[in-house]
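# Structural characterization, general
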Amino acid sequence: MTLRCLILLMAVGIPGFAQETGVPAVPGWFLTWHDEFDGTTVDLSKWTPDDRNLHKNNELQHYRPDDVIVKDGILTLRSQAREFQGQPYTSGLVDSRGKFYQAHGKFEARVKVPKGKVLWPAFWLLPEDASWPPEIDIMEFLGHIPNIVNMTLHSPGPGGKTTQHKDFFGPYFPKDFHTFCVEWEPDEMRFFVDGKQRAAYKEHLPDKSHFIILNMAVGGDWPGNPDDPKVFPAKFEIDYVR
């Protein structure tokens, strides 16, 4: 059984809560929400599987609930080469909109990303009030650049929007599971990969409650167009979110 869990608020801990959930205690934080994906279906009290086209970045997928799979303690978001409502691919997306929001705290997921051009898995946060920006991208990954992850904060700022961004050059990420985390405090936002801090931002920090999103986009302005049909089907695997 893999260690799991996380979204946490910095505060005095709630005695026994972490032990009762089976989630290891994290010094200085207490657990407010988590999913270990131990069932056989997605927990609809925590997540909504998306069912729509999203053309925001000229992406090529239609998100379908049947591409959201829970099995053997893992949430899998699957991308397939199949046409649906005018899109050439389907894929998976879940979010906690309307079910869980939090401002500040520690948000963490343990995930395994796939290799392949056009694959664009992400773990990110958007505001409860549907405004944009802000947007907190805890982890974005492009499948054709397998040793880089991206950590980005989009915020209101001069000219309407400001972006703070850092690439982390690490191992060959598709080989195994890795943890990605943000510690979001009123005066600083720190990003971690496998427990080590890799970025920190102190300006234009949001203070609104945010919900969680996990998805795998296909194509679009950033990753480009497919060039190898053998990439599909592809899997973005999530061990836990806390």
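All of the points below concern the structure found in this document. (Residues numbered from 1 in each chain as written. Predicted model: local features only at pLDDT ≥ 70, side-chain atom pairs only at ≥ 80, totals over all residues. Heavy atoms only, no water.)

## Here's the deal with the sheet that holds strand S12 (residues 135-140)
Here is the rule: Two strands form a pair only when DSSP identifies at least two bridges running between them. The helix count covers DSSP runs of H or I at least four residues long, the strand count covers runs of E at least two residues long, and both are numbered beginning at the N terminus.
If you trace the seven strands from one edge of the open sheet to the other, you get S3-S9-S18-S11-S12-S13-S14, paired in antiparallel fashion. The sheet terminates laterally at strand S3 (48-49) and strand S14 (162-169), the two strands that pair on one side only. Examined bridge by bridge, S12 and strand S13 (residues 148-155) share four bridges and lie antiparallel to one another. Within S13, the residue paired with Asp137 across the bridge is Thr152.

## Points about the pairing of strand S19 (residues 234-241)
Test applied: Categorising residues by exposure relies on relative accessible area from a 1.4 Å probe, with only protein chains included: less than 20% of the type maximum marks a residue as buried, more than 50% marks it as exposed, and the intermediate range marks it as partly exposed.
Counting buried positions along S19 yields seven of eight residues, so the element is predominantly enclosed. Bridge count for strand S7 (residues 74-79) against S19 is five bridges, and the pairing is antiparallel. Of the residues in S19, the one forming a bridge with Leu75 is Ile238. Judged from the four bridges that link them, strand S10 (residues 105-112) and S19 form a sheet pairing that is antiparallel. If you follow Ala109 over to S19, its bridge partner there is Val241.

## Remarks on the environment of Gly157
Where we set the bar: Throughout, a residue-residue contact means that at least one pair of heavy atoms, one from each residue, lies within 4.5 Å.
With respect to the helices and strands, Gly157 occurs in the loop between S13 and S14. When its relative accessible area of 25% is taken as the criterion, Gly157 is described as partly exposed. Remark: the alpha-carbon pair of Gly157 and Gln80, spanning 77 residues in sequence, is separated by 38 Å. Aside from chain neighbours lying at most four places away, what touches Gly157 is Thr162 and His204.

## A few points about the nonpolar core
Test applied: Nonpolar core, defined: a set of buried Ala, Val, Leu, Ile, Met, Phe, Trp, Tyr and Cys residues in which side-chain atoms within 4.5 Å join the residues together.
Phe123, Leu214 and Val241 are the most contacted members of the largest nonpolar core, which totals 48 residues. Among the nonpolar cores identified, the runner-up in size contains 10 residues, and Tyr63, Leu93, Leu142 and Ile213 belong to it.

## Points about the side chain of Lys106
To keep it simple, the criterion reads: Polar contacts, as counted here, are pairs of nitrogen or oxygen atoms within 3.5 Å of one another; within protein the pair requires one atom able to donate a hydrogen and one able to accept it, and residues that are adjacent in sequence qualify only if both atoms are side-chain atoms.
You can see Lys106 is positioned in strand S10. A distance of 2.6 Å separates a polar atom in the side chain of Lys106 from a polar atom in the side chain of Glu183.

## Digging into the environment of Pro65
Tracing the chain through its elements places Pro65 in the loop between strand S5 (61-63) and strand S6 (68-71). In contact with Pro65, other than residues within four places in its own chain, are Pro49, Asp50 and Asp51.

## Examining the pattern of salt bridges
Here is the rule: Only one rule defines a salt bridge in this text: a Lys or Arg side-chain nitrogen within 4 Å of an Asp or Glu carboxyl oxygen.
Within the structure shown, the criterion is met by 14 salt bridges. Between Arg64 and Asp51 there is a salt bridge; the shortest N-O distance is 3.0 Å. Linking Arg64 in the loop between S5 and S6 with Asp51 in the loop between S3 and strand S4 (52-53), this pair joins segments that are 13 residues apart in sequence. Classification of Arg64 as buried rests on a relative accessible area of 19%. With its nearest N and O atoms 3.1 Å apart, the salt bridge here joins Lys208 to Asp129. Note that Lys208 is positioned in the loop between strand S17 (196-201) and strand S18 (210-218) and Asp129 in the loop between strand S11 (119-127) and S12, a separation of 79 residues in sequence. In the salt-bridge network here, residues are joined through shared partners; they are Lys106, Glu183, Glu185, Glu188 and Arg190.

## A short note on the sheet that holds S4
Pairing is mixed across the open sheet formed by three strands, whose spatial order is S4-S5-S8. Edge positions in the sheet fall to S4 and strand S8 (89-91), since each of these pairs with one other strand and no more. Examined bridge by bridge, S5 and S8 share three bridges and lie parallel to one another. Paired with His62 across the strands is Thr90, a residue of S8.

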